[in-house]
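The lines below spell out each chain.
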Amino acid sequence: MSNAYLTYAAKRLGQAVVVILLAYVFTFVVVSILPGDPITSVLRNPQNGFSEEEIAEIIAAQGLDKPVLVQLWHALSGFVTGDLGMSMRSNRPVSTLIAEVLPSTLILAGAGLAVALLLAMLVAYGTRFVPKKYGQGLLRGFPSLFLSVPNFVIGLVLIHLFGFQLGLFRVINPDSFWATLFAAVALGIPVSSQIAEVLIANLDKEAEQEYAAVARSRGIGQLKLFVSHLLKPASLPVVTVIALTIGELLGGSLITETVFGRTGVGSLVQRSVSTQDLPVLQAIVSLGAVVFVLVNLIADLLYPLLDPRVKILGGSKRRPTTSDEPSIGSAKAVNP
Amino acid sequence: MASQDRLNTRLVSIKNAAASAAQPAPLLSVKNLSVAYGANRVVHDVGFELGRGKSLALIGESGSGKSTIARAVLRLLPGAGHATGEVEFDGREILGLPERQFRPLRGRAIGFVPQDPGNSLNPVRTIGVQAMEAASLTDETNAALRKVLILETFAQVGLDNPQRVYDSYPHQLSGGMLQRVLIGLAVLPRPALLVADEPTSALDVTIQKRILDLLTRLQHDLDISLLLITHDLAIAAERADQLVVLKDGAVQEAGKTRTVFSSPNSAYARKLHADVPALNPDRYAKLRDPGFRLLDRTSGTASKIEVSAVTKTFAVDGKVLTAVDDVSFSVPAGTTHALVGESGSGKTTTIRLLLGLDEPDTGEIAIAGENLAGRSQQQLRSVWRQLQLVYQNPFTSLDPTWTVEKLVREPLDRFKVGTAAERSEQVREALSNVGLGEHLLSRKPGALSGGQRQRVAIARALVLKPDVIVLDEPTSALDVSVQADIVEVLLSLQARLGLTYVFVSHDLALVRQLAHTVSVMQRGRIVEHGRVSDIFDNPQHGYTAALLDSIPSGISTISQTPPKAQPQAEPVIRTERRERIA
């Protein structure tokens, strides 16, 4: 762990914190400039039956009578210390509401990612070891096929097939192991397509490299070549792809939760949107930003550790380009 | 009498033994080998035999099929490649062998030294991990002892700090060191046959010599048969017992090195011989003489290019690197000045300064008596118009989406020269000057050969009618015969148009053929300069002598190597300081 790396890590961490805070401020500003003052319109909705004193009390409690900048300061300092304010609907702390539903979503998203990685690996492995006559081409077509199928369709098909037809899980008990597994499969398949596409393309590229031929000349078999030579360089770009698919995993898990009837962040979002519970919504949006930034931070920090060619220069990572340029030698290699 | 009889019988048996030793079964025997990529046949009925402990060189240009033959023997042909015929290794047909049965021979019996060391090791795994793969082919089963074996081999191939090499990633080592590693990994399992595919074409000339010496030495010490693939006849003649000359996938001539080299039968082998600069230093004497006369006449008068006491430093990772250190030279009009040195000697930085791409820290550069320093961009543009550059690699320096006409016309458009009709007239003239017909005008670089591309690049430089052309290794990406072609074009242009050349190269043999004066650069300094004939016939500096010594001469080194076995752990060659870990 060199000094240059620690400097780089500290710099990246600082940037991540700044991005998260800016994301929070941004959502705050968007909420406060929304037309029609949704907060008071909710409170003054006759159906809710608040009296003027109660309204004044709630406004004072939420600090809504203070200037915007003061409100922002309170919200921001609350956010930093983990106090996300009170829900306007249920009068409970937003952090409690989120803590109730977050584990279920994290389990789903995590399982979805695991399924995606496993599937991508299997498909990529298949494209190298399934002979052409046994459907290698079909395997190569999988990623683009599943990329174009929306995950709620996959979810509905899975529920129909495994839930109703085969009876592997019961739709009324969405948190059971099998139900969670199939929800994760529905979530993971489109994500795995993106990962598999990159992985297959990179494996093909690496297999054509001269070092693969030289390794074979040392008596390395196909399986060992795949595991100990091709997989690592081909997987490096996948780290970046995974970080980018996190958004899809989060968004997808909200939809999947609805399809499978799970209680999670998705259902909380749904409820909060329909009741215009702004503190909850703002907290969830900020939370999404935090997850996204964190995952990308981890990817950025991992990359220099995984790829020895990445040089850390002045706090930014850079890959030497020399190896990509055709040298004199490779220009001469055109010798069929 | 009885004793006399006994002696006679013994003598006879010795004779018989000698006779059978002279005609042993060959280790590698190739018969009627043909290789096709789909319907495209690239190797036609090639045959040769390589004896145990002997060496054989396959020689030819790009596209001659020499590497394809090597890959067919190694069974490493890319996907669509299909080989037919017979390849017998150690009395066993290997071409039709299932991969499962051939794999035990890989590495253990047949070793491979690839062409491009920079791309031949896995970039994200350490050298040690990859060396372990080679070590696992030996009888040694203990991991610790395997590592000892690896470190011993690294020392044997002249790597200074084996442990550090073991722990390094490929990008942390220089090309020369990587090639040593690859040779080490190939010889470590003690194969009977070593296939070396252009093992030095990506390396500097002095490193090339050391690597070739190392290969020859290991071949003799370890009793390995060597199949050497090269495009350089001089290298082949130096290193091999037998030569096989290939063209378009067919054998042109084959036989003992001495015979093929000194009295080639085929026209193609004679042409190859004539095209090797090292073997024909005075080939272009007639074309070059006018320049020498100019040199005699102009001594004392102002030069076309005057570089005086130029220094350029760069800051790299906080350290100051002096790329060009107090460099001075002058080039009289109509002559060729060569800058010679290895990678990192400062030649490229010097021409960047000359072209105004970088500014010198100190010192002055004058073109046709006009000092470059302190000029406005506008004034510099007019200077640069007189000064054109031909790049090293015509495969990457021409935009592949442009036509030849557009490529050659671009400088005219950029400097807004004349009318459209005049421009297209000048484009045609420049093309005819480099010997290209008008039918090529609408072609794109992809449809041109390497030689044609470099001619286009020269035409592009010529079209502005400059006085000076800077040639940055203009032939290093080309085959010898194509190189000879380009050299001829350049020299006849100089004789006809009175051009001044600044010629950058690491190839001293080529410099000797075409330059008038030369500066030898090492670590940013000029260590020696003068007339080509003076420097080459009587080098004063040790570095110049070492460079000259590295030129393959075609004189066999095989008889000079000691017959057998030194203690194996002893390093064969010490690496030079400049080859150390960067």
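Procedures and definitions
- Residues numbered from 1 in each chain as written.
- Chains lettered and ligands numbered in written order.
- Predicted model: local features only at pLDDT ≥ 70, side-chain atom pairs only at ≥ 80, totals over all residues.
- Heavy atoms only, no water.
- UniProt positions renumbered as here; feature names shortened; annotations may be inferred.
- Helix = DSSP H or I, 4+ residues; strand = E, 2+ residues; numbered from the N terminus.
- Buried < 20%, exposed > 50% of the residue type's maximum accessible area, 1.4 Å probe, protein only.
- Contact = heavy atoms within 4.5 Å.
- Areas by Shrake-Rupley, 256 points an atom, 1.4 Å probe, with all protein chains shown as cover.
- Expected span 1.5 Å × (residues − 1).
- Bend = angle between axes of the 7 residues up to and from the residue.
- 1 Å grid on protein atoms, 1.4 Å probe; cavity = no way out; pocket = protein on both sides within 12 Å on 5 of 7 lines; lining within 4 Å.
- Points joined across faces, edges and corners; volume = space filled by probe spheres on them.
- Buried area = accessible area lost by both parts, 1.4 Å probe.
- Salt bridge = Lys/Arg side-chain N within 4 Å of Asp/Glu carboxyl O.
- Pairing = 2+ DSSP bridges.
- Core = buried A, V, L, I, M, F, W, Y, C linked by side-chain atoms within 4.5 Å.

Labelled according to an unreviewed UniProt entry, chain B appears under the name Peptide/nickel transport system ATP-binding protein, originating from Neorhizobium huautlense. Quoted verbatim from the Subcellular location (unreviewed entry) field of the UniProt record, the comment on chain B reads "Cell inner membrane". UniProt, in the comment section headed Sequence similarities (unreviewed entry), describes chain B in these words: "Belongs to the ABC transporter superfamily."

The name recorded for chain A in an unreviewed UniProt entry is Peptide/nickel transport system permease protein, from Neorhizobium huautlense. In the Sequence similarities (unreviewed entry) part of its UniProt record, chain A is described as follows: "Belongs to the binding-protein-dependent transport system permease family." A UniProt comment under Subcellular location (unreviewed entry) is attached to chain A, and it reads "Cell membrane".

J.: Tell me about the overall build of chain B, residues and numbers included.
T.: When helices and strands are counted, chain B shows 21 helices and 20 strands. With 582 residues in all, chain B has 53% of them scored as buried. A separation of at least 24 residues holds for 70% of the contacts in chain B among residues at least 6 apart in sequence. Total accessible area computed for chain B in this model is approximately 24,800 Å², and 50% of it derives from carbon and sulfur atoms.

J.: Go over the overall build of chain A with me, naming the residues and quoting the values.
T.: A count of helical and extended segments in chain A gives 13 helices and 2 strands. For chain A, the residues scored as buried account for 42% of the 336 residues in total. In chain A, once contacts between residues fewer than 6 apart in sequence are set aside, the share between residues at least 24 apart is 72%. Approximately 17,500 Å² of chain A is accessible, and the part contributed by carbon and sulfur atoms is 68%.

J.: Describe in detail helix α8 (residues 177-207) of chain A, supporting the description with residues and values.
T.: The α-helix winds at 3.6 residues per turn, so residues separated by three or four positions along the chain end up facing the same way. An ideal rise of 1.5 Å per residue puts 45 Å on 31 residues; α8 of chain A reaches only 39 Å between its terminal C-alpha atoms. Where α8 of chain A bends most, the angle comes to about 35 degrees, and this point is Gly188 of chain A, followed within four residues by the proline Pro190 of chain A.

J.: An account of empty space enclosed by the protein is needed here, citing residue identities and associated values.
T.: The rolling of a water-molecule-sized probe over the atoms marks out the regions of remaining empty space. This structure, assessed with the given rule, holds 3 cavities of 30 Å³ or more. Space inside the largest cavity adds up to approximately 80 Å³. Around the largest cavity, the lining is made up of 13 residues, and of these Ser217 and Arg218 of chain A together with Phe112, Leu185 and Ala186 of chain B lie nearest the centre. Top element by residues in the lining of the largest cavity is helix α7 (residues 175-187) of chain B. It accounts for 3 residues.

J.: Break down unusual backbone geometry for me, citing the residues and quoting the values.
T.: Phi at Asn32 of chain B takes a positive value of approximately 50 degrees, unusual for a residue other than glycine. Turning to its location among the elements, Asn32 of chain B is positioned in strand β1 (residues 28-37).

J.: Please give an account of the interface of chain B and chain A that cites residues and values.
T.: The interface of chain B with chain A comprises 48 residues on the first partner and 33 residues on the second. Between chain B and chain A, roughly 3,300 Å² of surface is buried when both sides are summed, and carbon and sulfur atoms account for 54% of that area. The three residues of chain B that bury the most area against chain A are Asn119, Val124 and Glu133 of chain B, which together make up 19% of that side's buried surface. Applying the counting criterion to the chain B and chain A interface returns 2 salt bridges. Every element with two or more residues in the side of chain B that touches chain A is listed here: α2 (66-74), β6 (110-113), α4 (127-135) and α7 of chain B. In terms of residue count, the dominant contributor to the side of chain B that touches chain A is α2 of chain B (4 residues).

J.: Explain the sheet that holds strand β15 (residues 370-371) of chain B to me, and be specific about the residues and the numbers.
T.: Residue and element names in this part refer to chain B. On the basis of which strands lie adjacent, the open sheet formed by 4 strands has the order β12-β11-β14-β15 and antiparallel pairing. Looking at the sheet topology across the chains shown, the edges are occupied by β12 (319-331) and β15. Taken together, the 5 bridges between strand β11 (residues 305-316) and strand β14 (residues 362-367) define a ladder with antiparallel strand orientation. In the sheet register, Ile305 faces β14, and the bridge partner there is Ile367.

J.: Could you give an account of the UniProt feature "transmembrane region" (unreviewed entry) in chain A, naming the residues involved and the relevant values?
T.: Residue and element names in this part refer to chain A. On the UniProt side, "transmembrane region" (unreviewed entry) is annotated at positions that read residues 12-34, 101-125, 145-164, 176-200, 234-260 and 280-303 here. In this annotation, residues 234-260 is assigned 100% helix and 0% strand; the end-to-end C-alpha distance for the span is 35 Å. Between the end C-alpha atoms of residues 280-303 the distance is 35 Å, and the span holds 100% helix and 0% strand.

J.: Talk me through the pattern of salt bridges; I want residue IDs and the actual numbers.
T.: Residues and elements named next belong to chain A. Per the counting criterion, the structure on display carries 29 salt bridges over all chains. A salt bridge links Arg128 to Asp204, with the shortest nitrogen-to-oxygen separation between them at 2.9 Å. Taken together, the positions of Arg128 in helix α5 (residues 94-129) and Asp204 in helix α8 put the pair 76 residues apart, joining distant regions of the chain. Of the residues examined, Arg128 reaches a relative accessible area of 29% and is grouped as partly exposed.

J.: How would you explain the nonpolar core if you had to name every residue and give the values?
T.: Residue and element names in this part refer to chain B. Formed by 90 residues in total, the largest nonpolar core has its most connected members in Leu28, Phe48, Phe154, Leu193 and Leu227. In terms of residues, this core owes the most to one element, α7, which gives 8 residues. Every residue in contact with Leu227, bar those within four places of it in the chain, is listed here: Leu28, Phe48, Leu50, Leu56, Leu58, Leu193, Leu194, Val195 and Ala196. Judged by nonpolar contacts, the second largest core, of 56 residues, contains Tyr284, Val340, Ile458 and Val463.

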